[in-house]
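# Fold and geometry: a report
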Amino acid sequence: MQHDKILILDFGSQVTQLIARRVREAHVYCEVHPCDVSSDWVRAYAADGRLKGIILSGSHASVYEVDDRAPEAVFELGVPVLGICYGMQTMAQQLGGQVEGSPTREFGYAEVRARGHTALLKDIADFHTPQGHGMLKVWMSHGDKVVALPPGFTVMASTDACPIAGMADEARRFYGVQFHPEVTHTVQGRAILERFVLEICGAKPDWIMRDHIEEAVQAIRAQVGDEGVLLGLSGGVDSSVAAALIHRAIGEQLTCVFVDHGLLRLNEGEQVMDMFAGKLHAKVIRVDASDLFLRELAGVTDPEQKRKIIGRLFVDVFKAEAEKLKAARPGSKGVQWLAQGTIYPDVIESGGAKSKKAVTIKSHHNVGGLPEQLGLKLLEPLRDLFKDEVRELGVALGLPHDMVYRHPFPGPGLGVRILGEVKKEYADLLRRADAIFIEELRSTIEPNSGKPWYDLVSQAFAVFLPVKSVGVMGDGRTYDYVVALRAVQTSDFMTADWAELPYSLLKRVSGRIINEVRGINRVTYDISSKPPATIEWE
Ligand code: XMP
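Cut-offs applied
- Residues numbered from 1 in each chain as written.
- Predicted model: local features only at pLDDT ≥ 70, side-chain atom pairs only at ≥ 80, totals over all residues.
- Heavy atoms only, no water.
- UniProt positions renumbered as here; feature names shortened; annotations may be inferred.
- Helix = DSSP H or I, 4+ residues; strand = E, 2+ residues; numbered from the N terminus.
- Buried < 20%, exposed > 50% of the residue type's maximum accessible area, 1.4 Å probe, protein only.
- Contact = heavy atoms within 4.5 Å.
- Salt bridge = Lys/Arg side-chain N within 4 Å of Asp/Glu carboxyl O.
- Near = heavy atom within 4 Å.
- Polar contact = N/O pair within 3.5 Å; in protein donor to acceptor, adjacent residues only side chain to side chain.
- Areas by Shrake-Rupley, 256 points an atom, 1.4 Å probe, with all protein chains shown as cover.
- Pairing = 2+ DSSP bridges.
- Axes fitted to C-alpha atoms, helices over the stretch in contact; angles between N-to-C directions.
- Parallel < 35°, antiparallel > 145°, perpendicular 65-115°, else oblique.
- Left-handed = near helix turned anticlockwise from the far one by under 90°.
- Nonpolar A, V, L, I, M, F, W, Y, C, P; charged D, E, K, R; others polar.

We now examine the UniProt feature "active site" (unreviewed entry) in the protein chain. When the UniProt feature table is mapped onto this chain, "active site" (unreviewed entry) is found at Cys85, His180 and Glu182. Taken together, the annotated residues stretch across 98 residues yet fold into one region, lying no more than 11.0 Å apart by C-alpha. Tracing the backbone through its elements, the reader meets His180 in the loop between strand E12 (174–177) and helix H4 (189–200). Among the residues examined, His180 registers a relative accessible area of 4% and is labelled buried. Residue contacts for His180: discarding those within four places in its chain leaves Val15, Ile84, Cys85, Trp139, Ser141 and Thr186. For Glu182, the location among the structural elements is in the loop between E12 and H4. Note on Glu182: relative accessible area 0%, which makes it buried. If sequence neighbours within four positions are ignored, Glu182 has contacts with Val15, Leu18, Ile19, Arg22, Ile84 and Leu193.

As structure tokens, then:
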């Protein structure tokens, strides 16, 4: 890879990944590494001449609580450096300034006055005061602050509470901001980060997903040679995009195994087969294991136990297929590689700084350890990409928009959306109710944004409640099951608000489910936020 690169050193802020995403949105390649890398590591990282600048992230901690410092090499390489929040404070302290602890925190919205017409902030403003001062609307979150500038620095920004809210040494191209340009609440944040990476660092904006395909294809070919690759296709975004990319690179050398556990959404299995086997002409083995899964789940009501059973069976079935494929057969060399849809946030989270105390946000991952157990080498073609980039790449590879921009779906599938014991009858009812809900979300446009409601919620689905309630239909009395609808809005799935869907939409969904899905006579809408409720019901 020949791209210019920006190094982001992570001091443990929850929003470090946002810095990387903003830089990537400016089409500049960047990587996040823990702040406790050594100076030698930094010099070696810069040795290929591609490193154009360094960004020091914020931290949840105070410079007095932790001893995390930037490796000295950061300030010796001659590349521009931007310190954000804690990153600015440690820069100040390491270069001879002074930081003072403060009993009060400045948290939230603030208006910052830009000073000194620095290259970083020049002509970037949200409004001007009557005196003509350029003002920025920013988001602050800090207790400590810089109270004395290091030699060579001037004040770049200030607020009443924080007279040194930004500092600059323009000769060395070192900049520090106390506020967070990476969050969207800082209105000009994107412009500031773009200014830094494109103009001050002079990085080339050549990180473009459309062009990345060719590079990724070459890399896969070089890595794999003429060997065989196995990929577990789940229908989710990451495995789908990985499959499409690897197939583009090595065609027939790729075999996908799609384990159908019988707990997928309506027609999902057919859609996956139609796309990959039908349209892309990839080799896909569909293993229909639904009977096995239902048999093993019979009588089991505990959610964690259900998850464990589904996870274990999934691995068993997949391994059995893999073992068959590993063996060379006439006309086939067998499989040597296992491909996984690992993406960059997984890589960053598993390689965090030793000193990092930020609560690591763990998503529910794919099964680990499989490549070792199977004796296969690991191929991870998406490990440099953020989710947004994976989606862009998927579209550029020709995958349908609806598949690539689909809501996340849990690995155990409908197994955790049927409360208590899982039965085929329940799964069949739930699939149809869920499909109606999703169809209406896709077809109902929210007038202000002009977007379908499906795109305005982060996740939406129906949940099957195995209780019966009384209803009337025509002249008769019914005694049928209940479904709950769930739709949430969230940016990180750690907290979530229930979505305020219009009554008219809910009414249509409920009417259709009760009329069209015989066996369900009552529909409820879940109005619990996370926390204290979780997104899934189990
Ligand atoms: P909760 O229910 O914990 O869900 O608020 C947060 C996000 O994680 C998904 N989820 C899972 N994904 N296996 C998965 O692959 C699981 O066991 C699992 N449980 C929850 C959930 O759909 C939501 O997006």
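Now, onward.
This paragraph deals with the pattern of salt bridges. One pass over the full model with this rule turns up 34 salt bridges. Two residues, Arg172 and Asp169, come together in a salt bridge whose shortest N-O distance is 2.7 Å. The partly exposed category is assigned to Arg172, whose relative accessible area is 35%.

To continue, consider the site of the ligand. Residues in close proximity to the ligand total eleven residues, the closest being Arg307, Gln459, Lys530, Ile535 and Glu536. Between an oxygen atom of the ligand and a side-chain N or O atom of Arg307, the distance comes to 2.6 Å. Ile535 has a polar backbone atom sitting 2.7 Å from an oxygen atom of the ligand. For the ligand, whose free accessible area comes to 490 Å², the fraction covered by protein is 83%.

Turning to helix H12 (residues 387–396), its buried residues number three or more, namely Glu389, Val390, Arg391, Leu393 and Gly394. Contacts made by the buried residues of H12 are with helix H1 (16–25), helix H5 (209–224), helix H6 (237–250) and helix H13 (401–404). Two residues or fewer after H12 comes Gly398, characterised by a positive phi angle close to 95 degrees.

Paired through their backbone hydrogen bonds, the strands of a sheet run either parallel or antiparallel. Read across the open sheet, the ten strands follow the order E2-E1-E3-E4-E12-E11-E10-E6-E8-E7; overall the sheet is mixed. Where the open sheet ends on each side, the last strands, each with one partner, are strand E2 (29–34) and strand E7 (127–128). Here helix H2 (residues 39–46) sits on the sheet in contact with strand E1 (5–10), E2 and strand E3 (51–56), set at roughly 160 degrees to E1.

Once that is clear, we can look at the pairing of strand E21 (residues 476–489). In terms of burial, E21 is a largely internal element, ten of the 14 residues being buried. Inspection of the sheet shows strand E20 (residues 459–473) paired to E21 by 13 bridges, in the antiparallel sense. Residue pairing across strands places Ala460 opposite Ala487, the latter belonging to E21. In this structure, the hairpin formed by E20 and E21 is closed by a connection of two residues, where Gly474 is found at a positive phi of approximately 60 degrees. As paired elements, E21 and strand E23 (residues 520–525) share five bridges and run parallel to each other. Each residue of the ladder has a partner; that of Leu485, found in E23, is Tyr525. Here two bridges tie E21 to strand E22 (residues 497–498), and the two strands are oriented antiparallel to one another. Within E22, the position partnered with Gln489 by the bridge is Asp497.

Okay, the packing of H5 against H6 next. At their nearest, the axes of H5 and H6 sit 9 Å apart, and the two run at 70 degrees to each other. As far as their axial angle goes, H6 and H5 are roughly perpendicular. Relative to H6, H5 is oriented so that their crossing is right-handed. Contacts between H5 and H6 involve Ile213, Ala216, Val217, Ile220, Arg221 and Val224 from the first element and Leu245, Ile246, Arg248, Ala249 and Ile250 from the second. Residues that form the contact of H5 with H6 fall into these classes: nine nonpolar, no polar and two charged.

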